[in-house]
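# What the coordinates show
Listed below, chain by chain, are the residues.
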Amino acid sequence: TEFSFNKGIGTVYEINFSKMAQVNTSSATSRNIRRREEGVALSEAKAVWEWQDGSTWMAFHHTDAAMLESKYTALGPEANFSTTEFSFNKDIGTVYEIDFSKMTQVNSSSKKSRKLRRRDEKAAESEASAVWEWW
């Protein structure tokens, strides 16, 4: 209830960080949220793509990150798609299912699922100065 746009209204919002969503608990209206470095326009922000290996987040190879960012930008944060284009998958041809709404990567052969995340490059370097936004 302490959002600047909510002063004097008292609407309760639930923030779901795993889904990066803000939900109005009265109307059930959901909005996507994002975190970026303060003072950096969204058009200037560069994304870092990572996958989770146990409790450790690992950065994707730059070509894989560029492919993911291209798809994310073109298709949107709720999209899913299939690809064989990962650099580690050259000459193997395994199909990977990417689901941006769940932020997962699933190997279609082994069914192994890994969590993905997309972070602002500068925010990843400096967690201290970030701004939360919704859209």
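Above this text is the structure in question.
The structure reproduced in this document is the subject of the present report. (Residues numbered from 1 in each chain as written. Predicted model: local features only at pLDDT ≥ 70, side-chain atom pairs only at ≥ 80, totals over all residues. Heavy atoms only, no water.)

Attention now goes to helix α1 (residues 62-75). Counting along an α-helix, one turn takes 3.6 residues, and residues three or four places apart therefore face a common direction. With 14 residues, α1 extends 20 Å from end C-alpha to end C-alpha; this agrees with the ideal 20 Å at 1.5 Å per step. Three or more residues of α1 are buried, namely Asp 64, Ala 65, Met 67, Leu 68, Glu 69 and Tyr 72. Buried residues along α1 sit in contact with β4 (47-53), β6 (80-83), β7 (96-99) and β9 (113-120). Of the residues one or two after α1, Gly 76 is the one with positive phi, at around 100°. (Helix = DSSP H or I, 4+ residues; strand = E, 2+ residues; numbered from the N terminus. Expected span 1.5 Å × (residues − 1). Buried < 20%, exposed > 50% of the residue type's maximum accessible area, 1.4 Å probe, protein only. Contact = heavy atoms within 4.5 Å.)

This paragraph deals with the pattern of salt bridges. Throughout the structure, instances matching the rule amount to 4 salt bridges. Each of Glu 50, Arg 117 and Arg 119 takes part in salt bridges that share partners, so that together they form one network. (Salt bridge = Lys/Arg side-chain N within 4 Å of Asp/Glu carboxyl O.)

Our next topic: the packing of aromatic side chains. As enumerated under the stated definition, the model contains 8 aromatic pairs in all. The ring of Phe 81 carries the charged tip of Lys 71 above its face, separated from the ring centre by 5.2 Å. (Phe/Tyr/Trp six-rings, centres within 6.5 Å; stacked < 30°, edge-to-face > 60°. Lys NZ or Arg CZ within 6 Å of the ring centre and 35° of its normal.)

The sheet built from 6 strands is open, its strands ordered β5-β4-β9-β8-β7-β6 with antiparallel pairing. Either end of the sheet is taken by a strand with one partner, and the two such strands are β5 (56-59) and β6. The mean angle between the axes of side-by-side strands here comes to 30°, regardless of whether they run parallel or antiparallel. (Pairing = 2+ DSSP bridges. Axes fitted to C-alpha atoms, helices over the stretch in contact; angles between N-to-C directions.)

Regular strands place their side chains on alternate faces of the sheet. Burial along β6 is one-sided: the residues Phe 81 and Thr 83 are buried and none of Asn 80 and Ser 82 is. Sheet topology places β6 next to β7; 4 bridges connect them, and they run antiparallel. Bridge assignment links Ser 82 to a residue of β7, and that residue is Glu 97.

Before going further, it helps to spend a moment on the environment of Phe 100. With respect to the element layout, Phe 100 can be found in the loop between β7 and β8 (104-107). For Phe 100 and Tyr 72, which are 28 residues apart along the polypeptide, the C-alpha to C-alpha distance reads 7.4 Å.

Time to look at unusual backbone geometry. The phi torsion at Ala 28 lies on the positive side, around 65°, for a residue other than glycine. With respect to the helices and strands, the residue Ala 28 is situated in the loop between β2 (21-24) and β3 (30-37). Notably, Lys 111 is not glycine yet its phi reads approximately 65°, a positive angle. Among the secondary structure elements, Lys 111 is positioned in the loop between β8 and β9. A relative accessible area of 59% places Lys 111 in the exposed class.

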